[in-house]
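Notes for the structure review
These are the residues of each chain, in order.
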Amino acid sequence: DQQVKQNSPSLSVQEGRISILNCDYTNSMFDYFLWYKKYPAEGPTFLISISSIKDKNEDGRFTVFLNKSAKHLSLHIVPSQPGDSAVYFCAAVDNAGNNRKLIWGLGTSLAVNP
Amino acid sequence: DVKVTQSSRYLVKRTGEKVFLECVQDMDHENMFWYRQDPGLGLRLIYFSYDVKMKEKGDIPEGYSVSREKKERFSLILESASTNQTSMYLCALSANSNQPQHFGDGTRLSIL
């Protein structure tokens, strides 16, 4: 059963507009969340993260929002650029046990149209 | 910048062969990971290691083994390759469990 869910497999946005990618999780023990971007034939690249003690983290055009009560986080990209077209993965850190593994969503493919 | 080097970008092997995928880092990081990525299935953890000679099973270890004889190198071994192991294999590493993982460019492995 997926503990981290990205319910939209794909998203299409116009250049210059806002892209909002969503992620839901089921395990309240998750305490750290990350977003990665992946281009075809390359490994994922770390984008931005947020700790569960915060509700927002911003880095340039990228902002991640965390709503713990709803077990929901979102990545906002403003303004969107064609180079942002990629697959975006949401991941959560499972702090149960001695090894903190990443639990991954299945990804959302973002297309930013010129 | 963190550099994660995977030995091959593309590899073609035959069913039943023993296959070695190598991952090398230059950052002295403790934790290293092997994932596979398949369409519609996201990233799935095969094995990970948090120290030399230490290894832990991930979510899908069957058909695979790993070796970490030196801190900088983490090898994934397909003991007897099968066609269902055709996939993109990704190596990652992190300084510790509270730091993001950094990935190599991946090895696209095809088993014929």
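Residues numbered from 1 in each chain as written. Chains lettered and ligands numbered in written order. Predicted model: local features only at pLDDT ≥ 70, side-chain atom pairs only at ≥ 80, totals over all residues. Heavy atoms only, no water.

Details of the environment of Ile20(A)
Residues and elements named next belong to chain A. Inclusion rule: Secondary structure is summarised from DSSP: a helix means a run of H or I of at least four residues, a strand means a run of E of at least two, and numbering begins at the N terminus for each. Burial here depends on accessible area, computed with a 1.4 Å probe over protein chains only, as a share of the maximum for the residue type. Under 20% is buried, over 50% is exposed, and the range in between is partly exposed. Two residues qualify as a contact provided that any one of their heavy atoms is within 4.5 Å of a heavy atom in the partner residue.
The residue Ile20 is located in strand S3 (residues 19-25) in this model. For Ile20, a relative accessible area of 36% gives the class partly exposed. Sequence-wise, Ile20 and Leu47 are 27 residues apart; in three dimensions their C-alpha atoms are separated by 14 Å. Excluding residues that lie within four positions of it along the chain, Ile20 makes contacts with Leu11, Ser74, Leu75 and His76.

Observations regarding the state of the cysteines
Note the cut-off: Note on terminology: pairs of cysteine sulfur atoms within 2.5 Å are recorded as disulfides.
Counting across every chain of the model gives two disulfides over all chains. A sulfur-sulfur distance of 2.0 Å marks the disulfide that ties Cys23(A) to Cys90(A). Residues Cys23(A) and Cys90(A) are joined through a disulfide that is left-handed, its torsion about the S-S bond being -75 degrees. Linking Cys23(A) in strand S3 with Cys90(A) in strand S9 (residues 86-94), this pair joins segments that are 67 residues apart in sequence. Cys90(A) carries the same exposure label as Cys23(A), and that label is buried. Note that Cys23(B) is cross-linked by a disulfide to Cys91(B), the S-S spacing being 1.9 Å. Where Cys23(B) bonds to Cys91(B) through sulfur, the torsion about that S-S bond is close to -75 degrees, and the disulfide is left-handed. Highlighted residues: Cys23(B) in strand S3 (residues 19-25) and Cys91(B) in strand S9 (residues 87-94), separated in sequence by 68 residues. The pair Cys23(B) / Cys91(B) is uniform in exposure class, with both members buried.

Focus: the interface of chain B and chain A
Stated precisely, the cut-off is as follows: Two parts placed together each lose some accessible area under a 1.4 Å probe, and the buried area is that loss summed for both. What makes a salt bridge here is a side-chain nitrogen of Lys or Arg within 4 Å of a carboxyl oxygen of Asp or Glu, nothing more.
Listed by partner, the interface residues are 22 residues for chain B and 17 residues for chain A. In total, chain B and chain A occlude about 1600 Å² of area from one another, counting both sides; carbon and sulfur atoms represent 59% of this. Our count for the contact surface shared by chain B and chain A stands at one salt bridge. Note that Asp59(B) is salt-bridged to Lys101(A), the shortest N-O span being 3.5 Å. Mapped by element, the contributors of at least two residues to the side of chain B that touches chain A are strand S4 (31-38), strand S5 (42-49) and S9 of chain B.

Quick notes on the packing of aromatic side chains
Definition in use: For Phe, Tyr and Trp, where Trp contributes only its six-membered ring, two rings pair if their centres lie within 6.5 Å, and the inter-plane angle classes them as stacked under 30 degrees, edge-to-face over 60, or tilted in between.
One pass over the full model with this rule turns up 12 aromatic pairs over all chains. Each ring, one from Trp104(A) and one from Tyr35(B), has its centre 5.8 Å from the other, and the planes form 85 degrees; the classification is edge-to-face. Of this pair, Trp104(A) sits in strand S10 (residues 101-104) while Tyr35(B) is found in strand S4, placing the two residues in two different chains. Clustering of aromatic rings is evident, with ring pairs tying together Tyr36(A), Phe46(A), Phe89(A), Trp104(A), Phe33(B), Tyr35(B), Phe48(B) and Phe103(B).

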